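Reading the structure
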Amino acid sequence: MEKVSAHPRVWPADSNPAAKRDLWSALRRGLRGRCPRCGEGKLFRAFLKVDDHCSACGQDFTAHRADDLPAYLVIIIVGHIVVPAALWIETNYSPAVWLQLAIYLPLTFVSSLLLLQPIKGAVVGFQWALRMHGFDENAPSDIPPV
């Protein structure tokens, strides 16, 4: 049988969990292309190039790892909008193939370009809010990056 200690366990001050970050505000700020922490500075320095740091609060963005997730999400969103619309128009109106290509290809291209930057900003905001990929200031420094 295990003996129970009468002394209470005291946790050091640095073992407290870090302050919780608001996921929804970080996502909204990322969708607008703003810093997920302050909402003031720009997140992007070019169309899809994330800036190294926030110009307002100095948040470091070099650790973000959005990779291909924004492109996959854009494909899913645009596909779920364009394909049902195309099927509905085809079954109800049966327009000529050239007219369908003249409508669906530009629609798919333009909507994908319009969604790509906001979705990437939301992914970076999501990573910041959940302290993923180097956005955690309390992470142990002896673990090498993957």
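This text gives an overview of the structure that appears in the document.

Each helix and strand counted, the protein chain has three helices and zero strands in total. Beginning at the N terminus, the succession of helices and strands in the protein chain can be written as α-α-α. Within the protein chain, the fraction of its 146 residues that count as buried is 27%. For the protein chain, contacts bridging at least 24 residues in sequence account for 56% of all contacts bridging at least 6.

What follows concerns a nonpolar patch on the surface. A contiguous nonpolar patch, built from Leu 69, Tyr 72, Leu 73, Ile 75, Ile 76, Ile 77 and Ile 81 and spanning about 660 Å² of accessible area, is present on the exposed surface. Within the secondary structure, Ile 81 sits in helix α2 (residues 69-93). Here Ile 81 falls in the exposed class, since its relative accessible area comes to 55%.

Judged by nonpolar contacts, Ala 26, Cys 35, Leu 43, Phe 44, Val 50, Cys 54, Phe 61, Val 124, Trp 128, Ala 129 and Phe 135 together constitute the single largest core of 11 residues. For this core, the leading source of residues is helix α3 (residues 97-129), giving three residues.

So, about unusual backbone geometry. When glycine is set aside, most residues are seen to have a negative phi, and most peptide bonds are trans. If you check the backbone angles, Ser 94 has positive phi at about 50° while not being a glycine. Counting through the fold element by element, Ser 94 comes out in the loop between α2 and α3. Although it is not a glycine, His 133 adopts a positive phi angle of roughly 50°. Relative to the helices and strands, His 133 resides in the segment after α3. His 133 sits in the partly exposed class, given a relative accessible area of 40%.

In this structure the tally under the stated criterion is two salt bridges. A salt bridge links Arg 65 to Asp 67; the nearest nitrogen and oxygen atoms lie 3.4 Å apart.

Calculation rules
- Residues numbered from 1 in each chain as written.
- Predicted model: local features only at pLDDT ≥ 70, side-chain atom pairs only at ≥ 80, totals over all residues.
- Heavy atoms only, no water.
- Helix = DSSP H or I, 4+ residues; strand = E, 2+ residues; numbered from the N terminus.
- Buried < 20%, exposed > 50% of the residue type's maximum accessible area, 1.4 Å probe, protein only.
- Contact = heavy atoms within 4.5 Å.
- Patch = residues over 30% accessible without salt bridge, like charges linked within 9 Å, V, L, I, M, F, W, Y side chains within 5 Å.
- Areas by Shrake-Rupley, 256 points an atom, 1.4 Å probe, with all protein chains shown as cover.
- Salt bridge = Lys/Arg side-chain N within 4 Å of Asp/Glu carboxyl O.
- Core = buried A, V, L, I, M, F, W, Y, C linked by side-chain atoms within 4.5 Å.

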